[in-house]
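Listed here are the chains, written in short residue letters.
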Amino acid sequence: MELFCSFYHLLGVILILLFSFFIKIRDMSKKQVCIKENPEEIRLDDCLACSGCLSNDEMSKFNIDKTVLEDILTQTNFIFTEFSKNDLFLTCKKIHKNLEEITFRDFEKALITLIKSTFNTLLFLDSSNFEKSKNNINSDCPAVVLYVERLYPHLTKYLNNKKTQIQQAVEYIRKKNKERIFIISQCYDKKDEIIREKYENIYLLGAKDIENIIIKDINNFLNNQEKLLETNKYELSHFDKKENIIFGQVNVFNALQNYKEGSGFLNVYWCNNGCIGGPCIENKEKDIPFEHNDYIKGKNSDFLTCRKPFTPHKKKRFEIEW
């Protein structure tokens, strides 16, 4: 009798597993209707919302803690991207009409002084002072990296494996001290670069998260040149030349679809107009001077060392109807 019951128990378990398997196959075969009618309107948030690419655990890692800005006494290092500075510059000019004639460089020096005067600042760096590696598929855009790993796993071996400018800036600071770092960026997804390298005591924020502090006090420094602190060139934004980039979701998809060995450098960015179109900035136009820059180098070598390996994910099959 016991043997008979065990047999039917085992049979029941097998039937349940088979039923679950067929349900999964059925769901995979169903076409999913995208929440956006036009693929050009898709943002990274839209795709993540369908949970097709990132797990809930992965998504939780991208949460941003803006309350850290309230602690102004803790020793802090700052890394600004040139795009976040540009956004703050244009925002302040729109709000403070008396700043319409101010130059980006004058604003930048006032911004640096304001940050150093408001927070207990140790080091201030602009990430544009670190060199970009230009080979294979650009990995400076976290959204592109995430999509390659999940939708084009065979291309992970072509992702540029050198550290990004933000990662290099972190490495530079960590050689100086272990205190907390605030990164003011154009994109929250840049946090992926911090997560991958397992950096600690680092907080990534968007330009719009800090703009109230800047808007409130920037005039005090711009109208009183005597208050301005001396700045070094690595605190300022620099560009060597205008980059040729491929941007926008549809263009990125097409470029990745056609990429193969020997295709050369693919400079792709998820947002429209590249990083200047990042989700953490309000102004989508650029007003930064182009000029030659001597990149920051390490004592024996530069900071353009290898990143941690990229992870190709098992590709999921999605049949999307637009």
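Structure shown above.
A short tour of the structure in this document, coming up. (Residues numbered from 1 in each chain as written. Predicted model: local features only at pLDDT ≥ 70, side-chain atom pairs only at ≥ 80, totals over all residues. Heavy atoms only, no water.)

As for the sheet that holds strand E4 (residues 180-185)
Overall, parallel pairing links the four strands, which are arranged E3-E2-E4-E5 in an open sheet. The open sheet has two edge strands with one neighbour each: strand E3 (121-126) and strand E5 (202-206). Averaged over neighbouring strand pairs, the angle between their axes works out to 20° when direction is ignored. Bridge analysis of strand E2 (residues 76-80) against E4 gives five bridges, and the strand direction is parallel. Bridged to Asn77 within E4 is Ile181. In the packing of helix H4 (residues 82-95) onto the sheet, contacts are made with E2, E3 and E4, and the angle to E2 comes to roughly 85°. (Pairing = 2+ DSSP bridges. Helix = DSSP H or I, 4+ residues; strand = E, 2+ residues; numbered from the N terminus. Axes fitted to C-alpha atoms, helices over the stretch in contact; angles between N-to-C directions. Contact = heavy atoms within 4.5 Å.)

Details of the pairing of E2
Counting buried residues in E2 gives five out of five residues, a clear majority hidden from the surface. Residues Thr76, Phe78 and Phe80 line one face of E2 and the alternating positions Asn77 and Ile79 line the opposite face, and both faces are buried. Both E2 and E3 contribute to a ladder of four bridges, which runs parallel. Bridging across to E3, Phe80 finds its partner in Asp126. (Buried < 20%, exposed > 50% of the residue type's maximum accessible area, 1.4 Å probe, protein only.)

Regarding the packing of helix H5 (residues 104-118) against helix H9 (residues 207-222)
At their nearest, the axes of H5 and H9 sit 9 Å apart, and the two run at 110° to each other. By the angle between their directions, the pair H5 and H9 is classed as roughly perpendicular. Two secondary-structure elements touch here, H5 through Asp106, Phe107, Ala110, Leu111, Thr113, Leu114, Ile115, Ser117 and Thr118 and H9 through Ile210, Ile213, Ile214, Asp217, Ile218, Phe221 and Leu222. (Parallel < 35°, antiparallel > 145°, perpendicular 65-115°, else oblique.)

Focus on the packing of H4 against H9
One way to put it is that H4 packs onto H9 with a least axis distance of 10 Å and a crossing angle of 45°. Judged on the interaxial angle alone, H9 and H4 are oblique. Handedness of the H4/H9 crossing: right-handed. Facing H4, whose interface residues are Ser84, Asp87, Leu88, Thr91, Cys92 and Ile95, H9 presents Ala207, Ile210, Glu211, Ile214, Ile215 and Ile218. In terms of residue class, the contact of H4 with H9 is built from eight nonpolar, two polar and two charged. (Left-handed = near helix turned anticlockwise from the far one by under 90°. Nonpolar A, V, L, I, M, F, W, Y, C, P; charged D, E, K, R; others polar.)

Here we look at the pattern of salt bridges
Scanning the entire structure with this criterion turns up 12 salt bridges. Between Glu108 and Arg105 there is a salt bridge whose closest N-O contact spans 2.5 Å. Of this pair, Glu108 and Arg105 are both found in helix H5, three residues apart, which corresponds to roughly one turn of the helix. In this structure, Arg150 engages Glu149 in a salt bridge whose closest nitrogen and oxygen atoms are separated by 3.4 Å. (Salt bridge = Lys/Arg side-chain N within 4 Å of Asp/Glu carboxyl O.)

Thoughts on helix H7 (residues 165-174)
Among the 10 residues in H7, nine count as buried, and that is most of the element. Taken residue by residue, H7 has Gln165, Ile166, Gln167, Gln168, Ala169, Val170, Tyr172, Ile173 and Arg174 as its buried positions. In this structure, the buried side of H7 is in contact with E2, E3, E4, helix H8 (191-197) and E5.

Quick notes on the nonpolar core
Grouped together as the largest cluster of nonpolar side chains are 32 residues, with contacts concentrated most on Phe78, Phe80, Ile115, Ile210, Ile214 and Ile218. Contributing elements (two or more residues each) for this core: E2, H4, H5, E4 and H9. Contacts of Ile210, omitting those with residues within four sequence positions, involve Leu69, Phe78, Phe80, Leu88, Ile115 and Ile184. Counting residues in each nonpolar core, the second largest holds 24 residues, with Tyr147, Tyr158, Ala255 and Trp270 among its members. (Core = buried A, V, L, I, M, F, W, Y, C linked by side-chain atoms within 4.5 Å.)

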